[in-house]
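Survey of secondary and tertiary structure
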Amino acid sequence: QKDDSQRLLESFSSDEKEHTLKKSKAEPYTSEEEMVLEESEPPLNSNVTAFALKAKVIYPINQKFRPLADGSSNPSLHENLKQSVLPNQVMETSTSGSLGSLSQGDKEDCSSSTTIHSTTSDDRFQARAFLKVISFPEVLTCESFDVKLCLCSLILKDLMLLDTELRKEKHMMFVQVLKIYFTDFRHKKKVTDDLFKKILLIQENDFQELQKQLDSRLQNTEMSGAHNSEYQTLEDLERKEREYSEHLIDNMEAFWKQTDKAQQAFLDQSKCSSAKATKIMTDLTEKMIAVESLLSESQDLQAMDIQERLFNWELMVKMIDSLKSYIPEECKCRLNIVSNILDHLTVKNNLSVRQKEELLTDLHKAFWEQLAHFSNECIQQSKDLILKRLECRAKKREEFKHRQKAERGSLLSKTFHIKDVNDFLKAYHELLEKHRQAQWELEEEDDCKSTEAVADLYKELYSKASHALAELVTELFLQTLPVVTGLSVRQCELLKEEWQENLVPQLEKWETHRQRRWKLFQEQLLQEKKV
């Protein structure tokens, strides 16, 4: 069975006030419609059968479109129940708030209990809207059914950023190599200083214009189809990726055309012999082939690092998701045991059935309010926390950028000769790799600290919520029951002690189950990591 404790927290975001009290025993989740059918046809548990009897038709159980009484067809009842009700949800079957729903065993897997790779291949997620995020800490505040898609979108952003940085590095390397050759010709008095500066400025401006055109096209792609700036769909992502690819290929072709143009302009102004021009063109081509090889190898290694980051993110998200489930599960355990004790009192005629139901209904409502408060506090306080951390991260990033810009400027200001071109390429690439690594480590450290901060917050809120639930039960046993049942305070104290004794093994059992699921998740993640 899949742990479905997250469903209760998810349902808190709705304004649904009607809740049906279930028996304390763990039961599969059923919608209000299903319960109506079950009550009207006690011997028949199948929604399909009930629907068939109601429509007075017989049809194959596995038939996708089943005929109605009037001869028309309609998707199965099960399929209708699984249609989404919110723009960013894909399979909430009902907002019925029964605590029994916590133990649903056959919910389709939309939680973060499995990894990303099996989910995104499903066609039904194509039109699914999910929150736009720009950094990992924001994912920690997302609903669990959005998490995987948010992580996918972040990975694509990282890959795009890496591509952008490597492309700019390639452009800068070419301009600097050209500058080194120009400088050599200037020293040999084959070009004047003014002509040298003019040609170099033209080339730098041309490459900058090329980058501006690409940035503009990418920005247009990013903004196109953005009906809601806060949400996006997989279809949007795939469309953007296709358009990005087209833009980048066009830019790549334009870049190489520009390099040819730059080399030709250089040779025209230098007025060197045909043999010399051929040698220079060959040298420049060889240097740029070396640059391409260097950057390609770097890209492969860093793309692997980005995938590694995905697995680390999934672990951190799962940890937070696990903490979210503490209070709903504890709430269910507490309520189940109270229900069992009240059942026992009913059997002994200390309580009427109606009194028992009223007490359970009141307690259920009080528990629900505490859970709703816990959920809201988790969401709001974690968002505030993440916002502050992201502001600090942005400041650190700016400091990094200024320092790194100064380091790049220092290296580019040095004078290199033609024989030193390879040394320059290596030094410049290593400097930028060092900068990327520093930025990477800063973000990884902040991701971990943000996760730890949210985890500490959830533990604190969990402690408060747990105490509040205990107080509600204490009030029931020591204040309400003596009045309703006529039992002595001492007898009610003994009942409370019985409740506490029964609660401990239940929570320990759930914790063991949670730890087993956590270990299984880690093993699964490790296997995917090896692949």
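Naming follows an unreviewed UniProt entry, where the chain appears as Ellis-van Creveld syndrome protein of Fulmarus glacialis.

Along the chain, the regular secondary structure elements total 14 helices and 4 strands. In the chain, which comprises 531 residues, the share counted as buried stands at 45%. Considering only residue pairs separated by 6 or more positions, the chain has 77% of its internal contacts joining residues 24 or more positions apart. Total accessible area on the chain stands at roughly 28,600 Å², and carbon and sulfur atoms take up 53% of it.

What follows covers the environment of T285. Within the fold, T285 resides in helix α10 (residues 274-324). In this structure the C-alpha to C-alpha distance between T285 and F174, which are 111 residues apart in sequence, comes to 10.0 Å. A polar atom in the side chain of T285 sits 2.8 Å from the backbone oxygen of M281.

Another point: the packing of aromatic side chains. Under the defined criterion, the tally for this structure stands at 11 aromatic pairs. The interplanar angle of 85 degrees and the centroid separation of 5.3 Å between the aromatic rings of Y326 and Y462 together place this pair among those described as edge-to-face. Highlighted residues: Y326 in helix α11 (residues 326-347) and Y462 in helix α13 (residues 421-485), separated in sequence by 136 residues. Among the residues examined, Y326 registers a relative accessible area of 18% and is labelled buried.

This part takes up the environment of S382. With respect to the element layout, S382 can be found in helix α12 (residues 353-412). Residue classification places S382 among the buried residues on the basis of a relative accessible area of 0%. Between the alpha carbons of S382 and P137 there is a distance of 9.7 Å; along the sequence they are 245 residues apart. Beyond its immediate chain neighbours, meaning those up to four positions away, S382 contacts T141, E377, V454, L457 and Y458. Polar contacts involving the side chain of S382 include one to the main-chain carbonyl oxygen of I379, which spans 3.0 Å.

Throughout the structure, instances matching the rule amount to 27 salt bridges. Among the ionic pairs, E165 bridges to R436, the shortest N-O distance being 3.8 Å. Placement of the pair is E165 in helix α7 (residues 144-187) and R436 in helix α13, with a sequence separation of 271 residues. Where R490 meets E493, a salt bridge forms, and the shortest distance between an N and an O atom there is 3.3 Å.

With that settled, consider the confidence of the model for the chain. Mean pLDDT for the chain: 76, with 74% of residues reaching 70 or above. Ranking the helices and strands of the chain by mean pLDDT puts helix α6 (residues 136-139) first, with 92, and helix α4 (residues 77-81) last, with 37. Low confidence marks residues 1-121, where pLDDT is under 50. Its contacts with residues over four positions away, or in another chain, come to 219 contacts.

Moving on to helix α14 (residues 489-530). In this model α14 runs 61 Å from its N-terminal to its C-terminal C-alpha over 42 residues, within 8% of the 62 Å that 1.5 Å per residue would give. Where α14 is concerned, the buried positions are C492, L495, K496, W499, L503, W510, R514, R517, F521 and L525. Elements in contact with the buried residues of α14: α10, α11 and α13.

Contact geometry for α11 and α13: axes closest at 10 Å, N-to-C directions at 10 degrees. Classified by the interaxial angle, the pair formed by α11 and α13 is roughly parallel. Crossing angle aside, the handedness with which α11 passes α13 is right-handed. For the pair α11 and α13, contact is made by Y326, I327, E330, C331, R334, V338, I341, L342 and L345 and by Y462, A465, S466, L469, A470, V473, L476, F477 and L481, respectively. Here the residues of the contact of α11 with α13 sort into 15 nonpolar, 1 polar and 2 charged.

What follows concerns the nonpolar core. By size, the foremost hydrophobic cluster in this structure holds 94 residues, and its most contacted members are F136, V139, L151, V338 and L481. For this core, the element with the highest residue contribution is α13, accounting for 18 residues. Counting residues in hydrophobic clusters, the runner-up holds 5 residues, among them M160, L214, L218 and L248.

Let us look at unusual backbone geometry. Not every positive phi belongs to a glycine, and N349 is a case in point at roughly 65 degrees. Residue placement: N349 occurs in the loop between α11 and α12. Judged by its relative accessible area of 69%, N349 is exposed.

Moving on: the packing of α11 against α14. Helix packing for two helices is described by the angle between their axes and how far apart those axes are. One can describe the packing of α11 onto α14 by two numbers: an axis separation of 9 Å at closest approach and a directional angle of 140 degrees. Comparing the axis directions of α11 and α14 gives the class oblique. Crossing angle aside, the handedness with which α11 passes α14 is right-handed. The segment α11 lies against α14, with Y326, E329, E330, C333, R334, I337, V338, I341 and L345 engaging L495, E498, W499, N502, L503, Q506, L507, W510, E511 and R514. Of the residues in the contact of α11 with α14, the class split is 11 nonpolar, 2 polar and 6 charged.

A few words on the environment of F521. Inspection of the secondary structure puts F521 in helix α14. As a C-alpha pair, F521 and L315 span 206 residues in sequence and 8.6 Å in three-dimensional space.

Another aspect to go through is the side chain of T346. Among the secondary structure elements, T346 is positioned in helix α11. Reaching out from T346, the side chain makes a polar contact with the backbone oxygen of L342 at a distance of 2.8 Å. If sequence neighbours within four positions are ignored, T346 has contacts with L351, S352, V353 and K356.

Here is what the cut-offs are and how they apply
Residues numbered from 1 in each chain as written. Predicted model: local features only at pLDDT ≥ 70, side-chain atom pairs only at ≥ 80, totals over all residues. Heavy atoms only, no water. Helix = DSSP H or I, 4+ residues; strand = E, 2+ residues; numbered from the N terminus. Buried < 20%, exposed > 50% of the residue type's maximum accessible area, 1.4 Å probe, protein only. Contact = heavy atoms within 4.5 Å. Areas by Shrake-Rupley, 256 points an atom, 1.4 Å probe, with all protein chains shown as cover. Polar contact = N/O pair within 3.5 Å; in protein donor to acceptor, adjacent residues only side chain to side chain. Phe/Tyr/Trp six-rings, centres within 6.5 Å; stacked < 30°, edge-to-face > 60°. Salt bridge = Lys/Arg side-chain N within 4 Å of Asp/Glu carboxyl O. pLDDT = per-residue confidence, 0-100. Expected span 1.5 Å × (residues − 1). Axes fitted to C-alpha atoms, helices over the stretch in contact; angles between N-to-C directions. Parallel < 35°, antiparallel > 145°, perpendicular 65-115°, else oblique. Left-handed = near helix turned anticlockwise from the far one by under 90°. Nonpolar A, V, L, I, M, F, W, Y, C, P; charged D, E, K, R; others polar. Core = buried A, V, L, I, M, F, W, Y, C linked by side-chain atoms within 4.5 Å.

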